[in-house]
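Reading the structure
For reference, the chains in residue letters:
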Amino acid sequence: MSNERMLEGAVKTAEGVELKGMVLEAVVEQCDGCDRIREFEGEKFCTSYPFPAKKWVLGDCNFATHVARVTASGKKINPLKASKRAARGGK
Ligand code: SF4
């Protein structure tokens, strides 16, 4: 999928880059390495959330693809492998 398709419908306005009536905020430093980042008009945006900085206020962003999660049993989960596992049916 191309970058444009992921931010399909985004337009540059006087206020900034707008998508579905919302002005998007650029990603923050913590987002570096996340697969959900797409570039548009020379800036980087998140395809899942319009205000990336807010996703990091209370801890790690729950949509991040580059942050290893630790389960209750203390096992680290690779988010990419976990999402592939979920797509296969959970095991
Ligand atoms: S999913 Fe989270 S970490 Fe990834 S770009 Fe969006 S806000 Fe940043």
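It should be emphasised that the depicted structure is a prediction, and the values quoted were computed from it without experimental measurement. Throughout this description, residue numbers start from 1 for each chain and increase along the sequence as written. Since the coordinates come from a predicted model, pLDDT governs what is reported: local features require at least 70, and pairs of side-chain atoms require 80 or more to be given and counted, while whole-chain, interface and lining totals use all residues.

Below, the discussion takes up the overall build of the chain. The helix count covers DSSP runs of H or I at least four residues long, the strand count covers runs of E at least two residues long, and both are numbered beginning at the N terminus. Along the backbone of the chain there are three helices and seven strands. The helix and strand sequence of the chain, counted from the amino end, reads α-β-β-β-β-β-α-β-β-α. Backbone-placed C-beta atoms define the burial measure: a residue is buried with 20 or more other C-beta atoms within 10 Å of its own, exposed with 12 or fewer, and partly exposed in between. Counting every position in the chain, which comprises 91 residues, the buried fraction comes to 14%. Note that contacts rest on C-beta atoms placed from the backbone: two residues are in contact if these are within 7 Å. Nonlocal contacts in the chain, meaning residues at least 24 apart in sequence, comprise 40% of its contacts between residues at least 6 apart.

We now examine the site of the ligand. Residues are counted as near a molecule or strand when the C-beta atom, derived from backbone positions, lies within 6 Å of that molecule or strand. As a matter of local geometry, the ligand sits amid 13 residues, with Cys-31, Cys-34, Cys-46, Cys-61 and Phe-63 nearest to it. Gly falls in the polar group here, along with every residue not listed as nonpolar (Ala, Val, Leu, Ile, Met, Phe, Trp, Tyr, Cys, Pro) or charged (Asp, Glu, Lys, Arg). In terms of residue class, the shell around the ligand is built from 10 nonpolar, one polar and two charged.

Looking now at unusual backbone geometry. One non-glycine residue, Lys-20, lies in the positive phi region at around 50°. Here Lys-20 lies in the loop between β2 (17–19) and β3 (22–23). Here Glu-41, not a glycine, exhibits a phi torsion of approximately 55°, which is positive. Summarising the element assignment, Glu-41 is placed in the loop between β4 (37–40) and β5 (43–46).

Another aspect to go through is the nonpolar core. Any set of buried Ala, Val, Leu, Ile, Met, Phe, Trp, Tyr and Cys residues joined through C-beta atoms within 7 Å is what this text calls a nonpolar core. Among the nonpolar cores identified, the biggest contains 10 residues, and these are Val-17, Leu-24, Val-27, Cys-31, Cys-34, Ile-37, Phe-45, Cys-46, Cys-61 and Ala-64. Not counting chain neighbours up to four residues away, the residues in contact with Cys-31 comprise Ile-37, Cys-46 and Pro-52.

Along helix α3 (residues 79–88), only zero of the 10 residues are buried, which leaves the element largely exposed. A positive phi of about 120° marks Gly-89, the residue just after α3.

Read from one edge to the other, the open sheet built from three strands follows the order β1-β2-β3, with strand pairing classed as antiparallel. Taken across any chain shown, the strands that pair with only one partner, and hence form the sheet edges, are β1 (11–12) and β3. DSSP calls a pair of strands paired once it identifies at least 2 bridges connecting them. Summarising the sheet, β1 and β2 pair through two bridges and their orientation is antiparallel. Its bridge partner being in β2, Val-11 is matched across the sheet by Glu-18.

So, about the confidence of the model for the chain. Values of pLDDT, ranging from 0 to 100, describe the predictor's confidence in every residue of the model. Scored by pLDDT, the chain has a mean of 86; 86% of the residues are at 70 or more. Mean pLDDT values over the elements of the chain span from 54, in helix α1 (residues 3–6), up to 98, in helix α2 (residues 52–55).

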